[in-house]
Structure formats: structure tokens, C-alpha cells
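One letter stands for each residue in the lines below.
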Amino acid sequence: MAGSGDGGNEREVLEDSINHSSSFSRHRYRRSMSSGEEDKGLLAFSGWVYHVGTNSIGHEYSHQRFLYVKGKYVEMYRRDPQENPGIRPIRKGIIGPTLMVEETGSRKVGNEELYTIQFYNRLDETKKGEIACTSAEESKKWIEALDYAKQQAEYELSRGGGARNKLSLEADIDLEGHRPRVRRYASGLKKLIRIGGGPELLSRSSSSLGTGSSDGDFEGEFGDAVEAHEWKCVRTINGVRILEDVADGKGGKASLVKAVAPVDASADTVLEVILNLDRHKRYEWDMLTGDLELVDSYDGNYDVVYGTYDPKYLGRWQSKRDFVFSRQWFQGQDGAYTILQFPAAHKKRPTRNGYQRTSIKPSTWEIRSLTNEKCLVTHMLEMNAAGWGRWKKSSSCSKFEKTIPFALLSQVAGLKEYIGANPSLKCEPSSLALHSKHSEGDPPDEFYDAVAGDSSSTSEDEESDDESEKEEKPIKQKPAPAAISSTALKQASDAAENASKELDLSVPPIHVDPSQFNSVLHKGKDDADTNCWTSPGGAGFMIRGQTYLKNSAKIMGGKPLLKLIAVDWFKVDKATDKIALHPKSLAQSDAGKNLPFILVINLEIPAKPNYSLVLYHAAERPVRKDSLLEKFADGTDQFRDARFKLIPSIVEGYWMVKRAVGTKACLLGKAVTCKYFRQDNFLEIDVDIGSSSVARSVIGLVLGYVTSLVVDLAILIEANDAAELPEYILGSVRLNRVRLESAVPLDG
């Protein structure tokens, strides 16, 4: 037993083993382990690890922590105690005889592949926790160190007497429970959950194109794709503007409406207030939903909430009502938050005697920072109430003001007034803990400071009857903003000219004819064609202009550098990489092998079954040496992850899907797992959409409406210095009402 008279050799072997891994370097963290003789001949081991777990509302976290093992004791610090004398541990305990330590292999945590070590008490299954390392070798060394600590505890226990009594009074290291609070906030609110760096393509986030208003009313001007919404203010109530989308101007059965207001608090604070389920707090700002209860939680960013209310203000003879809704939330890479809310059903909450089950309209919340202490809050929903038209034209009280949709819109006003009446909310420092990028200083303390037992918001509803119709309609072309003038068109032409320099102009071009290539989806004949693809060009996307580094100005995209020649739609049992090597792939055809360069984008879509949407973009000339495209095609995966950008746009489809997908450019390599395969005349990028819980849930929403969606995608290599500007569109595709059943099985 280590620590006994004959245990010296064992310690020497262990010490030598640890010293062989005295330093590790991977990703953005430096990891090291050291050992040395301490008091009474005990070994001490220390180094950086990840503390992995799930907070109170099911959101998975992974925080870098410094672990120190000495004898039977394990201590966890926020910073290295050797470099910060006097710092106190945030976790402390022993590796007791009943505490089991097991290596559980590798798994995805966020966007990183980590090797996890699980702690659990064999006598109490509620006591458990995890740490993680970046390599299998490092994990093995920590297992050895922790086993040594356990041997020390077992040795003391074997000595009996006072040692046994002392050991029984000491607690095992607790990596799962909440640690003691180290500070008290004035408002009594806990820190926000870190919603995390969900894929930016799934968020509605802010972006300045230099042509939009400051309040975000025109959503196309705050994304990277042009959209056709036209918002008109129809009423202003207590500093909250009520706007209607009048783009169609046909006055159909339903109208898209939103309430918008600036709120004098950080986006983080507003998010916490909206997600909070506490009835006493909600009663102060939410006139519709007060009694809310968390029913279930999935993947840390999706849950189901049950609520009851007695809407006496809706009418004298109304019965008691209850409702169930689901919601999902995510944070864009720029810090903007989106909450999507839908009606739901759950077996834990069947219909209840004495209550009328109500379905609340689907709605979205968007919270975008304006300054550190001010944000813009938007609550959007679809109206189909008969009194909407009369209400917006008349200043007198109408029946519409006694409806649930009006109560939902009024939540913005209640939120604004509630936060304004509680200055302590503005002092909440939790915003410092929500951003994943820190230029300097210590990492934020985000361990267990999540919202206690909550994570919800308001209401939801059913799909619009109009949107669920499957009749085929001609595609409406997206109008460009008024600010896109002849100057913008000239800039787009310059971007296209800049793109042409990415290819070797000394080599004569070959004629790339898409009709030479067979694919699962056919090329559309016109806008009314369905289950097909077309090439939309780049005019519908906004990209970085020549002066972007000076004034963040963006320009309209020009002609794509690469020509879209085919789109495959495969059905697979599981996510399949290196699809370009498959005999069914265009890259393996005789015509494909004669092309100078093919960019293959394999979008791996999680579902039952799984799907692969494969896009083939071809160059008419070889890639020029030392060009940005050559650096991307033949560079490192790290470079590719930092530059591979996608801009999505829902041209036609259900408005909730549009809000979920958004129009903001996304660095896919930082949002989901991307694998790169360079061989022969092609580069394949395998995009694992299922690697992100947010992406999985939103893609499920998209697939539910896919037969009524027209989707545009643009692919770019992000330009980060003046020599690379202006940006150019690498390739683009329009997918027109694709049918799931048309996918072809990809046989081995």
C-alpha cells in the first residue's frame, strides 16, 4: 500500500510515470502535471483539467480548473495556487474508500473531443461528477494520481483507531453539488446560465450593414442575407412600439406582429428575467403567465414548461386555463440571444379537471445588446385574431385588448417597466460570465451559478394553417434594400473580379456544364419547380467590403467563384464522412475527375433516418498557388475552422423557421464539428450538424416544414485582412421544397 514502509518503490514508479507527461499542449489551454515529495513523504500532483457537468436546468458546461492532489486530498482552484499564493480552493475533499474513479473514454463536450474521468460514490449514486482531459495519455496519468490518493485514504483506514474516526468525518470531493456562494448579489438573483456558442446560423443576431436603423426593425439589414420583411409601426404604447409586417400588403388571414422596446439593462439580465419561472417575479411583469413549472429538459437548451392561469381579464365567464409549451434558446457568437416558443404536449401533464387546455401562439424573443447597460428586446408572434385590423386603426378600447395575443405583446411593456423599477437588476454583474471570449484576466466564475431550477419563458401555439399548406407557389424574388445602389453593384462587381484572381488565369478555362453530371436532385427549370436546386448567385447576400476593417461596411455579393454542378440527397444509417470516395459520388465519375477542382460540402443531417445533403461546386481553372482558396484547400484544419463561413436564408417558409435559422453568417468550424478531406482534385468538408444540441433541435424544426421551404445558402472563406478584401462568394445554392422521401439510400 502506498505510504507504508515498503511503498517507496511504488511511489517512485508513479512519480516517474507522471513526470513523463509533465507538459501537454492542445487547443487553447496549456496543460501540465508536476510531482514532487511533500510533507511526510507524500506525493503531490497538480495540473489543469476541465470540470464537466450539467447545471440546474440541464445545460452542459466545461470549465478549465486547476486540480491539486496531495495525499488523499483533492482540491480544485480557479487559478494556479502556486502562482497566486493565498487563493482558496473552490472544491475540496478526499478520495474516500467508497468513492470510485473510472476512465469513461472520449466524448464530445461542446466543440471539443475530451477524455473524461467519472467520480461516483458506490453507496450513494447522487454523489458523482466528472473531469476531462484533452488526451488519453493525460487522462491515464490523472487516473494514476487519483488512485494514489485513494490508496492513501485506504491506508489510513486500515490503521484503525483515531485515523478511522478522522477519515469518517472528512467529506469526499464533491464535483456535482452546488458550491458555497462566495458573493451575494443585491437583487438576490443568481448568475445566468451560460447559454453558450450555439451555431450562429441558428440565431437572429445583430450586424451593422451601414444601411439599417439602430433599433433592428428591418431584420434584413441586421443579417447577412437580404430579407423581404417590411415593418410598419401601427401603435406606440408606454414606450413600446407595435409593428406589423406589411411586405405582402394583402391583408391575409394572419399578420406577423412584434413589440419592440429598448430596455435599460444588459442582455444577460433581460434573458434571466424572461427565463425565470419564479411566480412572484413573473407576477410583477407578466400579465398572462404567472404559475409556471418545469416539466422536462433536454440537451441543456430545450425544455417543456407547464403553466396555469385564471384569465379573468379575458371575460367574466372564462374557465380556468392551463397550457404546455416547449422552448429552446441559444446565443449567437456576437452575444445576441434568441428564445423560440412552441405549443407542446407532454405525458407528465395531461388535461386537468376543471381546466381548459389552451394553446398559446408560437412566439420568439430576441435580445440584442446596444450598450453594456442597454439592449433591444423584440417579441414576435403571428396574429390571426379577427379584431387585429380594427384595433390598429382605432384608439378606443377593442375586444382585441382582451385576447391572449395582446397579452403576449404586452409582456415587453411589463418587462421594460419591471426592470426600470428595479435598479438592482442593472447592477447584476453576471454579464461578465456569459461571454466565451476573454481578452485578458481570469476566466469568469461560471461553475454552479446557474439560474436555480428554472429556464423558461412564455407561450406558444400551433402551426399556421396557411403555412402548413403544401400547395406549390411561385418563388418571390427578394428585393434588395433601397440603400443598395449602383455603387453597391459596382462593389459587387469588384468582389467578383477579386474572386477570379483565386484561380490560375494562365490556364485556359474549361467549360463546366452541369448537364454533364447526374445527381439525386435535379436542377430546377423555373421558380415553380419543386424538389430541386438552382443557383441563386450572390446578390441576395451581404459580404465584407474593401473598407470593412475600417467601418464594418458590407456590400452585396457578386457572382460566385465556383459553379454549382450537382446536389445529392442521400439517406444513410449514420453520419457518413468522405462521401466523395463513394462510387455514387460525382467526384468519382469520369467527368468529375476531369474537373480542375471540386469543393464538396456534405451536410450531415441528424434525423430518423439520417440524411446527407451533398453540394458539388466546381472551378473552371486550377486553384492559383498562394491564393486564399489554396491556403484553405491545402491548409490546416485549424485555419479552415477559423475561415469556413456559411450564410443561410429562408426565402419562403414558415416565419418561425425563418427566425430559427436567421440570416447571420456563421463560422461553421466553430459552431459544429467539421472534418476536412483533401484528395486528388477535390476538398470535402463534412459538416456534422448533430454535433450541436442547438443545431439538432432547430434542424428538427426545419425538417418539419422542409416541403414548404425555399432555402438559400452561400459559402465563403472569411476575409480577415485588407489583402483578402473584398470578400467573395465561393458558392451558393437554392433548395426548393425538398421532399424527404426523395432521398436515395447510400449503399455501401
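Residues numbered from 1 in each chain as written. Predicted model: local features only at pLDDT ≥ 70, side-chain atom pairs only at ≥ 80, totals over all residues. Heavy atoms only, no water.

Caption draft 1: Inspection of the nonpolar core at higher detail. The biggest cluster of nonpolar side chains holds 69 residues, and the ones touching the most others in it are Val567, Leu613, Phe644, Val657, Ile685, Val687 and Leu730. When residues of this core are assigned to their parent elements, the largest contribution, 7 residues, is made by helix α17 (residues 693-704). Each residue touching Ile685, except ones within four places of it in the same chain, is listed here: Leu599, Val600, Ile601, Asn602, Phe632, Phe644, Cys674, Lys675 and Tyr676. Counting 45 residues, the second-largest nonpolar core is a separate cluster that includes Ala267, Trp329, Phe406 and Leu408. (Core = buried A, V, L, I, M, F, W, Y, C linked by side-chain atoms within 4.5 Å. Buried < 20%, exposed > 50% of the residue type's maximum accessible area, 1.4 Å probe, protein only. Helix = DSSP H or I, 4+ residues; strand = E, 2+ residues; numbered from the N terminus. Contact = heavy atoms within 4.5 Å.)

Caption draft 2: The arrangement of helix α7 (residues 404-420) in detail. An ideal rise of 1.5 Å per residue puts 24 Å on 17 residues; α7 measures up with 24 Å between its terminal C-alpha atoms. At Ser410, α7 shows its maximal bend, which comes to roughly 30 degrees. Most of α7 sits out of view: 14 of its 17 residues are buried. (Expected span 1.5 Å × (residues − 1). Bend = angle between axes of the 7 residues up to and from the residue.)

Caption draft 3: Spatial organisation of α17. The terminal C-alpha atoms of α17, which comprises 12 residues, lie 17 Å apart, in line with the 16 Å expected from a rise of 1.5 Å per residue. Looking only at α17, the buried set comprises Ser693, Val694, Ala695, Val698, Ile699, Leu701, Val702 and Leu703. Regarding α17, its N-cap is Ser692, as a side-chain oxygen of that residue lies 3.2 Å from the backbone nitrogen of Ala695 further along. (Polar contact = N/O pair within 3.5 Å; in protein donor to acceptor, adjacent residues only side chain to side chain.)

Caption draft 4: Structural context of the packing of aromatic side chains. Per the stated rule, a full pass over the model turns up 10 aromatic pairs. Consider the rings of Phe632 and Tyr676, whose centres lie 6.5 Å apart with planes at 90 degrees: the pair is edge-to-face. Taken as a pair, Phe632 in helix α13 (residues 628-634) and Tyr676 in strand β29 (residues 673-679) lie far apart in primary sequence, 44 residues in all. With respect to burial, Phe632 and Tyr676 carry one shared label: buried. Taken together, a centroid distance of 6.2 Å and an interplanar angle of 70 degrees make the contact between Tyr654 and Trp655 edge-to-face. As far as burial versus exposure is concerned, Tyr654 and Trp655 are alike and both buried. Put simply, the rings of Phe632, Phe644 and Tyr676 touch in pairs and so form one group of aromatic residues. Over the ring of Trp231 we find Lys258; its NZ or CZ atom is 4.2 Å from the centre of that ring. The aromatic ring of Tyr306 is capped on one face by Arg349, whose charged end is 5.5 Å from the ring centroid. (Phe/Tyr/Trp six-rings, centres within 6.5 Å; stacked < 30°, edge-to-face > 60°. Lys NZ or Arg CZ within 6 Å of the ring centre and 35° of its normal.)

In short, shape yes, function no, at least from these values alone.
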